[in-house]
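Understanding the architecture of this molecule
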Amino acid sequence: MVARALITTAIEETWPEDKNEPILFLGEWCKLYNRKSIWGKLNANTEPYHWDDREKIHTDYLYLEKLYEELIVEIVARLNEIHSVNHSVRYWKILIGPWLGCFIQILFDRWFMLKQAIEKLDITACKIIKRDLTSVIPNDMSNFNKLFTEDDWNEAIYGQLLEKLWPELILIKKVQLTKINKAESVDTQQGLKVRLKSAIQRWIVSFNTLLPRENKYFFISTYLPLKIEVNLQVRLGQFPRLWKTQPVPVVPPVRQEREWRLDKHKAALNSFDEVVRNMIPLHIPTAYLEGYEKLIEVTKYLPWGSRPKAIFTSNSYSEDDIFKAWAAGKTELQVPLIIGQHGGHFGMTPFSFYERHQIEIASKWLSWGWSDPSKSKIIPVGMLGDFRKTAEYDPKGGALMIETTVPRYSYSIYAVPVSRQWLDYFNEQQKFLNLLPYSLKKQVLLRLSSHDYGWNQAARWHDKMPEVQVDAGHRDIGKLISKSRLCISTYNATTYLETLNWNIPTIVFWNPKHWELKEGVSPYFDVLKDVGIFHETPESAAKHMIKVWSDVSFWWESDSVQKARLLFCKEFARQNKNLSSELERSFLKF
């Protein structure tokens, strides 16, 4: 067995200086596409990814969900003691649950990959960055969501785990960091329409503060179109108000306040149960620890009312710590918390922490059409977003192929490609396009995700298929659809639900090994498969596109296709013409 030095991230300061030294990349996340000229010359192997075994990811998910329930009880006791409060488990789940659930799953992946490599191979050395241990502690959930996709934060986690668990097996050398890799690329361009809408909303929020403080119902980040939200509030007998949250106070971490530990006696020595109990106090966001008092102080002066009849949000349940702290407090006064579905994938996946978390903390959860007999909280009301009756498409236009990405480093577990599996997804996209005649391929506009995560999507496509038109994800998708005769959706999320709802000709394809469906959902996709809308291979999707391309409208407007589309939409993307009145009836019950 060849002895190798370990590389954990794409930060090249941690790579061996000797380019001939045998090395092991811990994963594909270490190998940035635009640095291939560097790592491609190294004497390197790459460790296989443990969650390429999709049965394992499901098994691990179930284990980590059980562990989450154990840890939240321990953390509740500890935080109540630290802050001299007596809040319920539900209170703390609303506030810290999104972070805790995600952190546990992230940490397990980092720990397991190190354990797998070290136990299987002869790993001799690893460079880690010399840093203050508090330098990567997030301020709040929003900050955490930015950190965990980056090389720097992940390098810190790997380094801490190596120092804690394997210092006697591996020579660990600390190096100084000269620069930080910022791999994320986010679309910051906004059209005039979006900027105008934001300006109007800011004006309304400012105007709200001039009105009397109390209101019957509280709405924030509802995902409803502005017109529908205003109409709903009027129907509920209150002056319409639109609210924006406030920034979380920035409070620096204090090492001395993080020297507590959770109940280690419950964990076996060097097991993940012990590791996570050691790491949580070191990484819990300051908003929940050192900054908790200031966080609560902010909520006391919010003009959101003291005891509304109900609270409604579709977006703020996860990242918005100001809202979560305020709403958690209100639920202890028996104020109902209503959460609306935001985006696709819900009701379809066999495992998803965020879906489970939302439904658990909510008093009622509003779905886009689906229900679950075992979960009485779920109320199917229909799509809450931009549910225009129809959208225009051009029967003589081109094809719009809509792409997605995932972070190079895993995060919250659900049924999607994880980490390096995005490369499999990318290869499937190439295969689909290569199966098209050249003349048809040139009529495809490839819309990339505006979140790149260091995958260098545009460069990969330019190198592989320079003849394909590429949109970086900045242009208005509605306008792109209006110039297309066919939309090609390649992942299980919101996009194809919207195009089906809008009655836009749509072909959907994805790898069922990476986009698993839960029991009971497959029959709905079988209906789409029977009429050529849904496909499980790029070969099948390309064959069907070639078949219908000369007259897409004839295929799409056929009775069988429309019947299948409506049946599927009724379950997962229902267009509710009476949404305002149905929501009104639901809210008046509180």
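All right, on to the overall build of the protein chain then. Across its full length, the protein chain carries 22 helices and 16 strands. What you see for the protein chain is a C-alpha radius of gyration of 25 Å, in line with the 25 Å of a compact globule of 590 residues. Along the first, second and third principal axes, the C-alpha set of the protein chain runs to 70 × 65 × 45 Å. The proportion of buried residues among the 590 residues of the protein chain is 58%.

Let us now look at the pattern of salt bridges. Inspection of the entire model under this criterion finds 31 salt bridges. Ionic pairing is found between K174 and E163, a salt bridge with its closest N-O pair at 3.2 Å. Of the two residues, K174 is situated in strand β5 (residues 171–175) and E163 in helix α5 (residues 151–165); the sequence distance between them amounts to eleven residues. A salt bridge links E297 to K300; the nearest nitrogen and oxygen atoms lie 3.8 Å apart. Residue E297 and its partner K300 are both found in helix α9 (residues 292–300); the two are separated by three residues, about one turn of the helix. Since its relative accessible area comes to 52%, K300 is described here as exposed.

As a further point, take the packing of helix α3 (residues 89–120) against α9. The geometry of α3 relative to α9 is characterised by a closest axis approach of 14 Å and an angle of 100° between their N-to-C directions. Between α3 and α9, the crossing angle belongs to the class labelled roughly perpendicular. Counting all contacts with α3, which are made through Y91, W92 and L95, the residues of α9 involved are Y292, L295 and I296. Within the contact of α3 with α9, the residues separate by chemical class into six nonpolar, no polar and no charged.

Running from N to C, helix α13 (residues 421–434) and helix α15 (residues 457–464) cross one another at 35°; their axes reach a closest spacing of 12 Å. The two elements α13 and α15 cross, and the hand of that crossing is right-handed. Packed against α13, whose contacting residues are W422, L423, F426, Q429, Q430 and L433, the element α15 presents Q457, R460, W461 and K464 at the interface. Each residue belonging to the contact of α13 with α15 can be placed in one class, and the counts come to five nonpolar, three polar and two charged.

Under the defined criterion, the tally for this structure stands at 49 aromatic pairs. Here the aromatic rings of F108 and W111 are separated by 5.6 Å at their centres, their planes lie at 50°, and the arrangement is tilted. Separated by three residues within a single helix, F108 and W111 lie in helix α3, roughly one turn from each other. The exposure class of F108 is buried, given its relative accessible area of 4%. Residues F525 and F568 carry aromatic rings whose centres are separated by 5.1 Å and whose planes lie at 75° to one another, so their mutual orientation is edge-to-face. Within this pair, whereas F525 is found in helix α18 (residues 522–530), its partner F568 is found in helix α21 (residues 559–572), the two being separated by 43 residues in sequence. The class of F525 is buried, set by a relative accessible area of 2%. In textbook terms, an aromatic cluster arises when at least three aromatic residues are bridged by ring pairs, as seen for W29, Y49, W51, Y63, F108, W111, F112, F272 and Y409. Sitting over the ring of F112, K56 keeps its end group 3.7 Å from the ring centre. Geometry around W549 places R485 over its ring, the cationic atom sitting 3.9 Å from the centre.

F272, F432, L433, M545 and F587 are the most contacted members of the largest nonpolar core, which has 186 residues in total. In terms of residue count, the dominant contributor to this core is α3 (19 residues). What F272 contacts, discounting residues up to four positions off in sequence, is Y63, L64, L67, I104, L107, F108 and W111.

Another aspect to go through is the sheet that holds strand β3 (residues 44–46). Here five strands make up an open sheet; going across it, the order is β3-β2-β1-β4-β5 and the pairing parallel. Unpaired on one side and paired on the other, β3 and β5 mark the two borders of the sheet. Strand-to-strand twist across the sheet, computed as the mean angle between neighbouring axes with direction ignored, equals 30°. Two strands pair when backbone bridges link them, and strand β1 (residues 4–7) and strand β2 (residues 23–25) are joined in this way by three bridges, in the parallel orientation. Looking at β2, one finds that I7 is bridged to F25. Sitting on the sheet, α5 touches β1, β4 (123–129) and β5, and the angle it makes with β4 is about 130°.

Here we come to helix α12 (residues 353–361). In terms of burial, α12 is largely enclosed, as seven of its nine residues are buried. For α12, the set of buried residues is F353, Y354, E355, H357, Q358, I359 and I361.

Right, let's get into the environment of V508. Its location among the elements puts V508 in strand β15 (residues 506–509). C-alpha separation for the pair V508 and V136, spaced 372 residues apart in sequence, amounts to 40 Å. Among residues more than four places away in sequence, those in contact with V508 are S489, Y496, I533, F534 and H535.

Turning our eyes to something else, we now look at the sheet that holds strand β11 (residues 398–402). Across the sheet, which stays open at both edges, the six strands sit in the order β13-β12-β11-β14-β15-β16 with parallel pairing between neighbours. Edge strands, defined here as strands with exactly one partner in the open sheet, are β13 (469–471) and β16 (534–535). Of the strand pairs in this sheet, strand β14 (residues 484–489) and β15 are connected by three bridges, and their pairing is parallel. Bridge pairing links C487 to T506 in β15. Packing of α13 onto the sheet brings it into contact with β11, β12 (444–447), β14 and β15, and relative to β11 it is tilted by some 165°.

Before going further, it helps to spend a moment on the pairing of β1. Across three bridges, the pairing between β1 and β4 is parallel. When the sheet's bridge partners are listed, L6 is paired in β4 with C126.

Another aspect to go through is the pairing of strand β9 (residues 364–367). Direction of pairing for strand β8 (residues 337–340) relative to β9: parallel, over a ladder of three bridges. Its bridge partner being in β9, I338 is matched across the sheet by K364. Each parallel crossover has a hand, and for β8 linked through α12 to β9 it is right-handed. Pairing geometry for β9 and strand β10 (residues 378–380), over three bridges, is parallel. Residue pairing across strands places L366 opposite I379, the latter belonging to β10.

Thresholds applied
- One numbering rule holds for all chains: residues counted from 1, following each sequence as written.
- Reporting of local features is limited, given that this is a predicted model, to residues whose pLDDT is at least 70; pairs of side-chain atoms are given and counted only at 80 or more, and all residues count toward the totals for whole chains, interfaces and linings.
- To get the side-chain values, all heavy atoms of the structure are used, and hydrogens and water are removed first.
- Secondary structure elements follow DSSP: runs of H or I of four or more residues count as helices, runs of E of two or more count as strands, with numbering from the N terminus.
- With the radius of gyration taken over C-alpha atoms, the globule rule is written as 2.2 Å times the number of residues to the power 0.38.
- Only protein chains enter the accessibility calculation, which uses a 1.4 Å probe. A residue is then buried if its area is under 20% of the maximum for its type, exposed if over 50%, and partly exposed in between.
- Salt bridge criterion: a side-chain nitrogen from Lys or Arg within 4 Å of a carboxyl oxygen from Asp or Glu.
- Between N-to-C directions, angles cover 0 to 180 degrees, with each direction set by a line fitted to C-alpha atoms, over the stretch in contact for helices.
- Geometric relationships in this document are graded by angle, where less than 35 degrees denotes roughly parallel, more than 145 denotes roughly antiparallel, 65 to 115 denotes roughly perpendicular, and other angles denote oblique.
- What makes two residues a contact is simply this: any of their non-hydrogen atoms within 4.5 Å.
- Only Asp, Glu, Lys and Arg are considered charged, only Ala, Val, Leu, Ile, Met, Phe, Trp, Tyr, Cys and Pro nonpolar, and every remaining residue, Gly among them, polar.
- Left-handed describes a crossing whose near helix is turned anticlockwise from the far helix through less than a right angle; right-handed describes the clockwise counterpart.
- Aromatic rings from Phe, Tyr and Trp, with only the six-membered ring used for Trp, were paired whenever their centres fell within 6.5 Å, and each pair was classed as stacked if the ring planes differed by under 30 degrees, edge-to-face if by over 60, and tilted otherwise.
- Lysine and arginine charges are scored as sitting over a ring when NZ or CZ, respectively, is within 6 Å of the ring centre and within 35 degrees of the ring normal.
- Only buried Ala, Val, Leu, Ile, Met, Phe, Trp, Tyr and Cys residues count toward a nonpolar core, and they belong to the same one when joined by side-chain atoms within 4.5 Å.
- Only strands joined by at least two bridges in the DSSP assignment are considered to pair.
- By definition, the crossover connecting two strands over a helix is right-handed if that path, from the first strand to the second, turns clockwise as seen with the strands pointing away from the viewer.

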